[in-house]
Amino acid sequence: MNIHDWLDGSAARLIARAARAAPERCSERLHEEWLAHAVELPSPASRLRFAMGCWWAVKMINRQAPDAANVVSSSAVTADVVMTAYAAAAVPLFSRQTNPGAAANLLCDINTTPLIDVMLVLLITLILTLPVLTHAVKIDLPQGPPPTATVRPPVIDLDIDFDGTVEWNGTVVQSMQQLGDFFRAEALKIPQPEIHLRPNSYVRYDFVAKVLALAQRNGLKKVGFVSTGTFRD
């Protein structure tokens, strides 16, 4: 006897044993249908695998409710009978599940909450460990000449008293001609001095206008009034 004959004989015996273990009302019918389907299978290994499925289907039928026999007897023949028994029992072949009805309550979804927590922790750790990036570009700027020191021009206080008397830095000027000489001498200096004009509040305006006109004719450009608060009345 070769291996093929042995596999076929084992499959036939297993089918017959499974049919005898089935409910009495459908035992003979299942035996005929299973043998007929086994003959149509292409190889001895497939026939033996089908016989084991039949045996397992009968085990599941006997473990479930008494109305399972009606389900098997009303199902399609051959392989559909086995699949109906699998579906009714909800337990696959060689399963470690002891309670057939518990498999329907199992969840097959992956819990992604721990994965998200781990990814957030890794992301925060990566952000904290990254070095501070400084984007610096070295630019060689042209070097110009150093700035010259600012020389403040000298200041000349020019006071005009109420009666038209002119004082040059506290010294009384004798005449308008002498004042013109002072203006011409100061206009030639570099830098040109600043004339701070401080007229008395009671002096006539024509005296002030003559002094301003004389300074302008002699080339003085920096003439300004100081202490103008005395003229607010």
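## Focus on the overall build of the chain
Link 1 in the chain: Each helix and strand in the chain was counted, giving 8 helices and 5 strands.
Link 2 in the chain: Moving toward the C terminus, one meets the helices and strands of the chain in the order α-α-α-α-α-α-β-β-β-α-β-α-β.
Link 3 in the chain: Counting only residues that meet the buried cut, the chain has 28% of its 233 residues in that class.
Link 4 in the chain: Considering only contacts within the chain whose residues lie at least 6 apart along the sequence, 69% involve residues at least 24 apart.

## A short note on the side chain of S10
Link 1 in the chain: Residue position: S10 is located in helix α1 (residues 3–21).
Link 2 in the chain: Reaching out from S10, the side chain makes a polar contact with the side chain of R13 at a distance of 3.3 Å.

## So, the sheet that holds strand β3 (residues 171–172)
Link 1 in the chain: Taken together, 5 strands build an open sheet; the order of strands is β3-β2-β1-β4-β5 and the sheet is mixed. Strand pairing shows two members of the sheet lacking a second neighbour, β3 and β5 (223–225), which therefore form its edges.
Link 2 in the chain: Where strand β1 (residues 155–160) and strand β4 (residues 194–199) come together, 6 bridges link them in parallel fashion. Bridging across to β4, V155 finds its partner in E194.

## A short note on the pairing of β1
Link 1 in the chain: Direction of pairing for β1 relative to strand β2 (residues 166–168): antiparallel, over a ladder of 3 bridges. Directly across from I160, in β2, lies its bridge partner V166.
Link 2 in the chain: Hairpin connection between β1 and β2: a loop of 5 residues separates the two successive antiparallel strands, and G164 in this loop has a positive phi of roughly 95°.

## A closer look at the pattern of salt bridges
Link 1 in the chain: Considering all chains together, one arrives at 5 salt bridges under this definition.
Link 2 in the chain: Among the ionic pairs, D159 bridges to R198, the shortest N-O distance being 2.9 Å. Of this pair, D159 sits in strand β1 while R198 sits in strand β4, and the two are 39 residues apart along the sequence.
Link 3 in the chain: The shortest N-O distance in the salt bridge between R204 and D206 comes to 3.4 Å.

## Things to note about the nonpolar core
Link 1 in the chain: L158, I160, V166, W168, L179, F183 and V211 are the most contacted members of the largest nonpolar core, which has 17 residues in total.
Link 2 in the chain: Looking at this core, the elements that each hand over two or more residues are β1, β2, α7 (176–187), β4 and α8 (205–217).
Link 3 in the chain: Leave out the neighbours within four places in its chain, and V166 touches L158, D159, I160, T171, V172, V173, L179 and V211.
Link 4 in the chain: Listed in part, the 16 residues of the second largest apolar core include I15, A18, A22 and C26.

## Considering unusual backbone geometry
Link 1 in the chain: Put simply, I190 and P191 share a cis peptide bond, and its omega is -5°.
Link 2 in the chain: Relative to the elements of secondary structure, P191 occurs in the loop between α7 and β4.

Conventions adopted
Residues numbered from 1 in each chain as written. Predicted model: local features only at pLDDT ≥ 70, side-chain atom pairs only at ≥ 80, totals over all residues. Heavy atoms only, no water. Helix = DSSP H or I, 4+ residues; strand = E, 2+ residues; numbered from the N terminus. Buried < 20%, exposed > 50% of the residue type's maximum accessible area, 1.4 Å probe, protein only. Contact = heavy atoms within 4.5 Å. Polar contact = N/O pair within 3.5 Å; in protein donor to acceptor, adjacent residues only side chain to side chain. Pairing = 2+ DSSP bridges. Salt bridge = Lys/Arg side-chain N within 4 Å of Asp/Glu carboxyl O. Core = buried A, V, L, I, M, F, W, Y, C linked by side-chain atoms within 4.5 Å.

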